[in-house]
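# Geometric and topological summary
If you want the building blocks of each chain, they are given just below.
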Number of protein chains: 2
Amino acid sequence: MNDLGRLSLNIATTKRWTLREAVDGAVRAGLPAVGLWRDRVAEEGLAESAALLREAGLRVSSLCRGGFLTAAGEAGVRTALEDNCAAIVEASTLGTDAVVLVVGGLPEGDRDLAGARERVAERIADLAPFAREHGVRLALEPLHPMYCADRAVISTLGQALDLAAPHPPAEVAVVVDTFHVFWDPALAENIARAGREDRIASYQVCDFALPIAQDALLSRGMMGDGVIDFAATTRMIAAAGYTGDVEVEIFSADIWNTPGDQVIATMISRYRDLVLPHLTG
Amino acid sequence: MNDLGRLSLNIATTKRWTLREAVDGAVRAGLPAVGLWRDRVAEEGLAESAALLREAGLRVSSLCRGGFLTAAGEAGVRTALEDNCAAIVEASTLGTDAVVLVVGGLPEGDRDLAGARERVAERIADLAPFAREHGVRLALEPLHPMYCADRAVISTLGQALDLAAPHPPAEVAVVVDTFHVFWDPALAENIARAGREDRIASYQVCDFALPIAQDALLSRGMMGDGVIDFAATTRMIAAAGYTGDVEVEIFSADIWNTPGDQVIATMISRYRDLVLPHLTG
């Protein structure tokens, strides 16, 4: 295995590319894996996507995303369960065991964060057995607290692990995305805990760039262009025993306006400099 | 005592007013207290400010701010200590026992968050005895994690309490500002802990408005205009035994562009509706 053997392109990083273009780009660059998004898979067709990936010889490191589990009321719950069951089936068909869940924010006009978090726990319990039947883990992604109200009420890795705790690690796991968790004073202890509990489904790297972008969702940057210490975080992940893929997922207007091959070349170079040296214990 | 007996105007909320104008505005509205900023005090003069407040019959609920303790190197440390000692003397002169510390972000080009946090602990230890001699508590303010890199490496109430733990509560305490902590899944347990340890120096209320403002520091809103459940947070504070002032501190271009008397009237109305009913256990 060459030195890129664990590097995965999350296709949100090359957002303007179709699935087919992203697969071709990953293959051209010698990458072994991609992280997928459901909208790009739907455009290509599920069976066609699975075939495309198989023929290209690429692993699928994760499927983004299920979630949005905070709705109250029978109709909202039913919609959430149906959509997440569909995501689980898609993940299974695509050959990945990780479906990433961004669990949703407060329903419109609602301020009851504790209630929303309880509903997330209930929906995870609803979905976990279905996931396991399909050989897929629900990968809970804590999002940066600035997205707590409108995007994901899971705000820390410790909270994600508490939500996972009632379920076996083969059913419910977590995502560690540097952008979302780097600030957390309890990060080291919770990455170690996630490793002990065998719950690290995905390690995603991208930087936190300042100032925060006008569209706060796009405040991400290429590794090295922001404030995150990738050496420190990657050593925690390695010490926790994680041996899976390292996904690069960057939402950034600048990066989206850069040709995909160039983005991948930069990503490979930064990975080699900032992440890879710290990835093996 | 009337029903505004615990309501304090932090003068950053009426930013365009001089200290004298803010004092007059608070008195006109029947408020018993103000939270001060050092720049407005310096404009007026320290002794003059203290006399002005005494004559107006206003309590000073806190002085903002000291901090910026993360510098490395002898000169940086010396500058930080001198400035914070000055803030402590000013607080003492103004008759408040709380000097709010915003501890600072990463030094330029530095990514070692753990190191910066260690230096904060060291500077607190340097300053705590001096504060006590002057009858002032260092009030550590955890800031929202979106400001971790550039403004304050204290990101959670639990972390602030851990930093306070080596020192008596008469020397080091914490600020609970709803804007900064509402998202925290461990909030209830840490407010209770802060109460048990007698470390709540200040309860500040302001809302978290979406979308995040282009200048992220100005993303605050009047209580009721954002996503925060003031009933829930205020009940936690009351249950923790806090009997001090409730400061309203809002950084917002819209509010700063509104006449100060009108801002105070809205603040009083929202306080009566959203905070006061939950303030006594």
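Residues numbered from 1 in each chain as written. Chains lettered and ligands numbered in written order. Predicted model: local features only at pLDDT ≥ 70, side-chain atom pairs only at ≥ 80, totals over all residues. Heavy atoms only, no water.

The name given to chain A in an unreviewed UniProt entry is Sugar phosphate isomerase/epimerase, with Saccharopolyspora rhizosphaerae as the source organism.

### A short note on the overall build of chain A
Where we set the bar: For helices the rule is a DSSP run of H or I covering at least 4 residues; for strands it is a run of E covering at least 2, with both sets numbered from the N terminus onward. Between the two quantities, the radius of gyration covers C-alpha atoms and the globule rule is 2.2 Å times the number of residues to the power 0.38. Relative accessibility thresholds used throughout: buried, under 20% of the residue-type maximum; exposed, over 50%; partly exposed, between the two (1.4 Å probe, protein chains only). Working rule for contacts: check all heavy atoms of both residues, and any pair within 4.5 Å makes them a contact. Method for areas: the Shrake-Rupley scheme with a 1.4 Å probe, in which residue coverage is limited to the protein chains shown. Only four residue types enter the charge count, namely Lys and Arg as positive and Asp and Glu as negative; His and the chain termini do not. Where a charge lies is defined by one atom per residue type, namely NZ (Lys), CZ (Arg), CG (Asp) and CD (Glu).
Each helix and strand in chain A was counted, giving 11 helices and 10 strands. Since a compact globule built from 281 residues should have a radius of gyration of about 19 Å, the 18 Å found for chain A is in line with a globular shape. Its C-alpha atoms give chain A principal-axis dimensions of about 45 × 45 × 40 Å. Buried residues in chain A amount to 59% of all 281 residues. Here the contacts in chain A between residues at least 6 apart in sequence split such that 81% fall between residues at least 24 apart. Total accessible area on chain A is roughly 10400 Å²; 50% of this is exposed by carbon and sulfur atoms. Averaging the locations of the 25 positively and 39 negatively charged side chains of chain A gives two centres separated by 2 Å.

### Re the sheet that holds strand β4 (residues 98–102) of chain A
Whether parallel or antiparallel, the strands of a sheet pair through hydrogen bonds between backbone atoms. Residue and element names in this part refer to chain A. Applied cut-off: Only strands that DSSP links by at least two bridges are regarded as paired with each other. Helix axes are fitted only over the stretch in contact, all axes being lines through C-alpha atoms; the angle between N-to-C directions runs from 0 to 180 degrees.
Ordered in space as β1-β2-β3-β4-β5-β6-β7-β10, the 8 strands form a closed barrel in which the pairing is parallel. Neighbouring strand axes in the sheet, compared pairwise and without regard to direction, differ in orientation by 30° on average. Bridge count between β4 and strand β5 (residues 137–140): 4 bridges; the pairing is parallel. Following the sheet pairing, Val99 is matched in β5 by Leu138. Running over the sheet, helix α5 (residues 113–133) touches β5 and β6 (172–177) and is turned about 140° from β5.

### Let's talk about helix α5 (residues 113–133) of chain B
All names here are of chain B. What counts is decided by this rule: Expected helix span is computed as 1.5 Å times (number of residues minus one). What we call the bend at a residue is the angle made by axes fitted to the seven residues finishing there and the seven residues starting there. Between N or O atoms, a polar contact is any pair within 3.5 Å; within protein, one atom must be a potential hydrogen donor and the other a potential acceptor, and residues adjacent in sequence are included only when both atoms are from side chains.
In this model, α5 (21 residues) spans 31 Å end to end at C-alpha, consistent with the 30 Å of a helix rising 1.5 Å per residue. Helix geometry: α5 is bent most strongly at Leu127, by close to 35°, with proline Pro129 lying one to four residues after it. Every buried residue of α5 is listed here: Leu113, Gly115, Ala116, Arg117, Arg119, Val120, Arg123, Ile124, Leu127, Ala128 and Ala131. A distance of 3.4 Å separates the backbone nitrogen of Ala114 from a side-chain oxygen at the start of α5, and that oxygen is part of Asp112.

### Looking at the pattern of salt bridges
All names here are of chain A. The test is simple: Any Lys or Arg side-chain nitrogen found within 4 Å of a carboxyl oxygen on Asp or Glu counts as a salt bridge.
Taken as a whole and assessed by the stated rule, the structure comprises 36 salt bridges over all chains. The partner of Arg20 in a salt bridge is Glu44, with the nearest N and O atoms 2.6 Å apart. Of this pair, Arg20 sits in helix α1 (residues 19–28) while Glu44 sits in helix α2 (residues 38–44), and the two are 24 residues apart along the sequence. The class for Arg20 is partly exposed, based on a relative accessible area of 41%. Residue Arg59 is joined to Asp245 by a salt bridge in which the shortest nitrogen-to-oxygen separation is 2.6 Å. Here Arg59, found in strand β3 (residues 59–67), pairs with Asp245, found in the loop between α9 (230–239) and β10 (246–248); they are 186 residues apart in sequence, far enough to count as distant.

### So, the interface of chain B and chain A
Put simply, the rule is: By buried area we mean how much accessible surface two parts lose on assembly, using a 1.4 Å probe and totalling the loss over both. Classes in brief: Ala, Val, Leu, Ile, Met, Phe, Trp, Tyr, Cys and Pro nonpolar; Asp, Glu, Lys and Arg charged; the others, Gly included, polar.
Contact residues are listed per partner, giving 28 residues for chain B and 28 residues for chain A. Together chain B and chain A conceal approximately 2200 Å² of surface at their shared face, both sides included; 66% is due to carbon and sulfur atoms. Inspection of the region where chain B meets chain A yields 0 salt bridges. Across the contact surface, chain B and chain A share 8 residue pairs in polar contact (both at pLDDT 80 or more). Looking at the side of chain B that touches chain A residue by residue, the classes come out as 15 nonpolar, 7 polar and 6 charged.

### Comments concerning the relation of the copies chain B and chain A
This is how the line gets drawn: Residues below a pLDDT of 70 in either copy are left out; the C-alpha atoms of the rest, at least 70 in both, set the least-squares superposition of the copies.
Expressed as a screw transformation, the operator carrying chain B onto chain A has a rotation angle of 180° and an axial translation of 0.0 Å, and the superposed copies differ by an RMSD of 0.0 Å. Expressed as an axis order, the relation between the two copies is that of a two-fold axis. Minimal C-alpha separation from the rotation axis in chain B is found for Gln214 of chain B, amounting to 2.5 Å. When you check the interface residues of chain B against chain A, 100% turn up at the interface there too, and the contact is symmetric in its surfaces.

### Notes on the sheet that holds strand β6 (residues 172–177) of chain B
Residues and elements named next belong to chain B. Strands sit in the order β1-β2-β3-β4-β5-β6-β7-β10 around a closed barrel of 8 strands; the barrel is parallel. Sheet twist, expressed as the mean angle between neighbouring strand axes with direction ignored, is 30°. Across 3 bridges, strand β7 (residues 200–205) lies against strand β10 (residues 246–248) in parallel orientation. Following the sheet pairing, Gln204 is matched in β10 by Glu247. Across the sheet, helix α11 (residues 260–275) is in contact with β1 (7–10), β7 and β10; its angle to β1 comes to roughly 140°.

### Focus: the environment of Arg117 of chain B
Here Arg117 of chain B is to be found in helix α5. Taking the C-alpha atoms as reference, Arg117 of chain B lies 40 Å from Gln262 of chain B; in sequence the two are 145 residues apart. The residues touching Arg117 of chain B, leaving out its near neighbours within four places in the chain, are Trp183, Asp184 and Pro185 of chain A together with Cys148, Val153, Ser155, Gln159 and Leu163 of chain B.

### Focus on the packing of helix α3 (residues 46–56) of chain B against helix α4 (residues 74–94) of chain B
All names here are of chain B. Selection criterion: In this scheme, roughly parallel covers angles under 35 degrees and roughly antiparallel covers those over 145, while 65 to 115 is roughly perpendicular and the rest are oblique. Crossing handedness follows the turn of the near helix against the far one: under a right angle anticlockwise gives a left-handed crossing, and clockwise gives a right-handed one.
Between α3 and α4, the shortest axis-to-axis distance is 9 Å and the interhelical angle comes to 30°. As summarised for this structure, α3 and α4 are arranged roughly parallel, according to the angle between their axes. For the element pair α3 and α4, the recorded crossing hand is right-handed. Where α3 abuts α4, its residues Leu46, Ser49, Ala50 and Leu53 lie against Glu90, Thr93 and Leu94.

### With respect to the pairing of β4 of chain A
All names here are of chain A. Stated formally: When the strands point away from the viewer, a crossover counts as right-handed if the path from the first strand over the helix to the second runs clockwise.
Taking burial as the measure, the 5 residues of β4 include 5 buried ones, the bulk of the element. Of the two faces of β4, the one carrying Ala98, Val100 and Val102 and the one carrying Val99 and Leu101 are both buried. Relative to β4, β3 is paired through 4 bridges, and the arrangement is parallel. Along β4, the bridge assignment pairs Cys64 with Val100. Of the crossover connections in this fold, the one passing from β3 over helix α4 (residues 74–94) to the parallel β4 is right-handed. Taken together, β4, α5 and β5 constitute a β-α-β crossover, and its handedness is right-handed.

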